Amino acid sequence: MSLPPAVQVDDLTVAYREQPVLWDVDLEVPAGVLMAIVGPNGAGKSTLIKSILGLVEPAAGRVRIHGAPYAERRREVAYVPQRGSVDWDFPTSVLDVVMMGRYGELGWVRRPGAAERELAREALRKVDMEAFARRQIRQLSGGQQQRVFLARALVQSASVYLMDEPFQGVDATTERAIVRVLQELRSQGSTVVAVHHALQTVPEYFDQVTLLNVRRIASGPVGEVFTPANLRLTYGGLVPFGGPSVAPGGA
Amino acid sequence: MSFLREILFDYTLRNVALGAAALGLASGALGAFAVLRRQSLLGDVVSHAALPGIVLAFILTGSKDTLVLVAGAFGAGWLGTTAVSTIRGRSRIPMDGALGIVLSVFFGIGLLLLTWVQGRPDAAQAGLDRFLFGQAAALVSRDVGIIAVLGAVSLAAVGVFWKEFKLLSFDPEFGATLGFPMGRVETLLTTVLVLAIVVGLQAVGVVLMASLVVAPAAAARQWTDGLGPMVLLSALFGALAGVAGAVTSASMPGLPTGPAIVLAATGLVALSILFAPCRGLAWERARRIRRHGRLRAEAVLADLFALYRQHGSLAHGHPAAVLEALRGDPRAVLPALAELEERGDARRLPDGTWALTGAGRDRAESLFAEPSGRGGAR
């Protein structure tokens, strides 16, 4: 008997005011792979991530993490939201934000202490941000903000990481740091599902890919499903720059 | 000094000052979270919505006991926040619309009830209208005790649920993925905010109580970049504004407390916005002037460097008038020369003309010398 998939989504349908955002989506992410979710704007990529996390109420469907409902496996799932989802002028420091990743383990009322601080520093080290620990978060560049969010997820010591556009608008240093962290996570047997925009880097960064446009167009190993035909189906013929010509095999 | 002695020894003034300090601490601390969550107007809604509760509590019990009226205010204020979130959840009316609806409807009902109760023959209702604009001078020591206890309860809640409130204010969705029921955390924070607001109503009044929620937090934000210091400072500012306003109003017959507190709080906000380090507008302006001056000096340095390249000698001075002719804004030249002299980049020759120093030339070279190809001034 094989291990249950890290993430399994069956028949997921989500609608906002009668408008379907996701329609009957099935998804199976094997444990230990890096999977990209690609698709045009409004394809429901972020909604898929949020539905898996229970942040969006689905009209129908079922989510399993390592074979059990999400509510039972919450501790094993870490979330990296879009960095635009918070107010970066909030009065707090980088280290403080990263320690928030430990709040779930701490539970109600208990405050983070020296152990949490050490874990947070270690996570910041992994994303080359240790020197920024005391900085106010407003002083960070977009890429640095993204690395802080990544570090916050790392201290959760989860086995499944759900990331919403981790590469969106980041600098080259940050991109390299994130790729390094992703590979490290995979080598530890963790699973990553990331919403991704830059089609040309899909074959380089990810093992598997899901093409999504309200419905699931295709899902599987990059070499098999990241084809010009599938991309055309996903993007309706309007494939953005860098898409189909370089698709299988990559650059 | 004698004023201080009066506060310490005069029974009324001491009550007023203590009560105002306690309610200012609580509303300031809770206000910090309201402002950070961009819900400043919620304080306004809660205080206005409390009015019908106060009057109803009086109508139903016939009692003017502070605790009874505060309980009524708490019930109605809490109902008001629930109404806001119900409207938000069940309709497409945006947040500001929901806040506006609840504030005006509840306050309208409150005024209606107040007018009706004041028209009744029994004279016992006299004094309820002090809840409109506040009358700190009427605080007796029992009131101060009630304010202190309920204020302490709301402050204690902030201390106990610090981490949860921080999570709610910064990133509630992330908090939900960690397993915290963020809806319940929000209800808890709102409830404590309502508590902090209603204890202040008798002294400050429903109309202007919101200023003690928003102003101290807005002022505190200017001074610090940490949540802990901000909440602490906001509480202190609230107490300061509360005491200043309440004592002023108590010592000037006929001056309602609410407006006096608003003036004090506004003064704190104005000072903070102008003079707080980092964020203060005055420092920002000083920095801009300095930056401007530096750029101006750099421009004159470039002119001097160009002239030096034409003449090839550091001993050859140039009159300020020449430099002024080169610049679009001749008035900027003399201050720029003064700055360059101070930095040691330029010097004034005995005949009153200006020349680069050796250091100035080296700096200009590194700044302006173009790589060969486009050719310099030579």
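Rules and cut-offs
- Residues numbered from 1 in each chain as written.
- Chains lettered and ligands numbered in written order.
- Predicted model: local features only at pLDDT ≥ 70, side-chain atom pairs only at ≥ 80, totals over all residues.
- Heavy atoms only, no water.
- Helix = DSSP H or I, 4+ residues; strand = E, 2+ residues; numbered from the N terminus.
- Rg over C-alpha atoms; globule rule 2.2 N^0.38 Å.
- Buried < 20%, exposed > 50% of the residue type's maximum accessible area, 1.4 Å probe, protein only.
- Contact = heavy atoms within 4.5 Å.
- Areas by Shrake-Rupley, 256 points an atom, 1.4 Å probe, with all protein chains shown as cover.
- Lys, Arg positive; Asp, Glu negative; His and termini not counted.
- Charge placed at Lys NZ, Arg CZ, Asp CG, Glu CD.
- Patch = residues over 30% accessible without salt bridge, like charges linked within 9 Å, V, L, I, M, F, W, Y side chains within 5 Å.
- Salt bridge = Lys/Arg side-chain N within 4 Å of Asp/Glu carboxyl O.
- Pairing = 2+ DSSP bridges.
- Axes fitted to C-alpha atoms, helices over the stretch in contact; angles between N-to-C directions.
- Phe/Tyr/Trp six-rings, centres within 6.5 Å; stacked < 30°, edge-to-face > 60°.
- Lys NZ or Arg CZ within 6 Å of the ring centre and 35° of its normal.

### Observations regarding the overall build of chain A
Phase 1: Regarding its fold elements, chain A presents ten helices and ten strands.
Phase 2: Against the compact-globule benchmark of 18 Å for 251 residues, chain A has a radius of gyration of 18 Å, which places it among compact chains.
Phase 3: With the principal axes as the frame, chain A shows a C-alpha extent of 50 × 40 × 40 Å.
Phase 4: Looking at chain A as a whole, 53% of its 251 residues qualify as buried.
Phase 5: Counting only contacts in chain A whose residues sit at least 6 apart along the sequence, the fraction spanning at least 24 positions is 68%.
Phase 6: With the model as given, the accessible surface of chain A reaches about 10,800 Å², and the carbon-plus-sulfur share is 48%.
Phase 7: Within chain A, the 26 negative side-chain charges are centred at a point lying 5 Å from the centre of the 27 positive side-chain charges.

### As for the overall build of chain B
Phase 1: Within chain B, the regular secondary structure consists of 18 helices and two strands.
Phase 2: Against the compact-globule benchmark of 21 Å for 378 residues, chain B has a radius of gyration of 31 Å, which places it well outside the compact range.
Phase 3: Dimensions of chain B along its principal axes, counting C-alpha atoms only, are 100 × 60 × 35 Å.
Phase 4: Per-residue burial for chain B yields a buried fraction of 47% across its 378 residues.
Phase 5: Relative to all contacts within chain B whose residues are 6 or more apart in sequence, the contacts with residues 24 or more apart total 68%.
Phase 6: Just so you have it, chain B exposes about 17,300 Å², and 65% of that area is on carbon and sulfur atoms.
Phase 7: Averaged over its 33 positive side-chain charges, chain B has a centre that lies 3 Å from the centre of its 26 negative ones.

### Considering a nonpolar patch on the surface
All names here are of chain B.
Phase 1: Taken together, the side chains of Leu271, Ile273, Leu274, Phe275, Leu281 and Trp283 make up a nonpolar region of the molecular surface, amounting to roughly 550 Å² of accessible area.
Phase 2: Those elements that provide at least two residues to the nonpolar patch are helix H14 (257–275) and helix H15 (281–311).
Phase 3: When residues of the nonpolar patch are assigned to their parent elements, the largest contribution, four residues, is made by H14.
Phase 4: Secondary-structure assignment places Trp283 in helix H15.

### A look at the sheet that holds strand S3 (residues 34–38) of chain A
Backbone hydrogen bonds are what pair the strands of a sheet, in a parallel or an antiparallel way.
All names here are of chain A.
Phase 1: Sheet architecture is open: six strands sit in the order S6-S7-S8-S3-S9-S10, paired in mixed fashion. The open sheet is flanked by strand S6 (77–80) and strand S10 (215–221), the only strands paired with a single partner. Averaged over all pairs of adjacent strands, the angle between strand axes in this sheet comes to 15°, irrespective of strand direction.
Phase 2: Relative to strand S9 (residues 208–213), S3 is paired through four bridges, and the arrangement is parallel. Considered in S9, the bridge of Val38 is made with Leu211.
Phase 3: Along the sheet, helix H7 (residues 172–187) contacts S3, strand S7 (160–163) and strand S8 (191–195); its crossing angle with S7, the most-contacted strand, is approximately 155°.
Phase 4: The sheet contacts of helix H10 (residues 228–235) involve S3, S9 and S10, and relative to S9 the element is tilted by about 35°.

### What to know about the packing of aromatic side chains
Phase 1: On inspection of all chains with the given rule, the structure shows ten aromatic pairs over all chains.
Phase 2: Centroid distance Trp108(A) to Phe180(B): 5.7 Å. Interplanar angle 80°. Geometry classified as edge-to-face. In this pair, Trp108(A) sits in the loop between helix H4 (103–106) and helix H5 (114–126) while Phe180(B) sits in the loop between helix H9 (172–177) and helix H10 (182–198), so the two residues belong to two different chains.
Phase 3: In this structure an aromatic cluster arises from ring pairing among Trp108(A), Phe33(B), Phe161(B), Trp162(B), Phe165(B) and Phe180(B).
Phase 4: Across the ring face of Phe149(A), the terminal group of Arg152(A) is positioned such that the distance to the ring centre comes to 4.3 Å.
Phase 5: The ring of Tyr103(A) has Lys163(B) sitting right over it, with the charged end atom 5.6 Å from the ring centre.

### A few points about the sheet that holds strand S4 (residues 60–65) of chain A
All names here are of chain A.
Phase 1: What the four strands build is an open sheet, ordered S2-S1-S4-S5; its pairing is antiparallel. What marks the edges here is a single partner per strand, and that holds for strand S2 (19–29) and strand S5 (68–69).
Phase 2: Here two bridges tie S4 to S5, and the two strands are oriented antiparallel to one another. Pairing of Ile65 across the sheet is with Ala68, part of S5.

### Quick word on the pairing of S9(A)
Consecutive side chains along a regular strand alternate between the two faces of the sheet.
Residues and elements named next belong to chain A.
Phase 1: With five of its six residues buried, S9 lies for the most part within the structure.
Phase 2: Relative to S10, S9 is paired through six bridges, and the arrangement is antiparallel. Bridge pairing links Leu212 to Arg216 in S10.
Phase 3: A loop of one residue connects S9 with S10, the two strands running antiparallel in sequence, and Val214 in this loop sits at a positive phi of about 65°.

### Digging into the pairing of S7(A)
All names here are of chain A.
Phase 1: Burial along S7 is two-sided: the face carrying Val160 and Leu162 and the face carrying Tyr161 and Met163 are both buried.
Phase 2: In the sheet, S6 pairs with S7 via four bridges, with the strands oriented parallel. Its bridge partner lying in S7, Ala78 is registered against Tyr161.
Phase 3: Across four bridges, the pairing between S7 and S8 is parallel. Bridging across to S8, Val160 finds its partner in Thr191.

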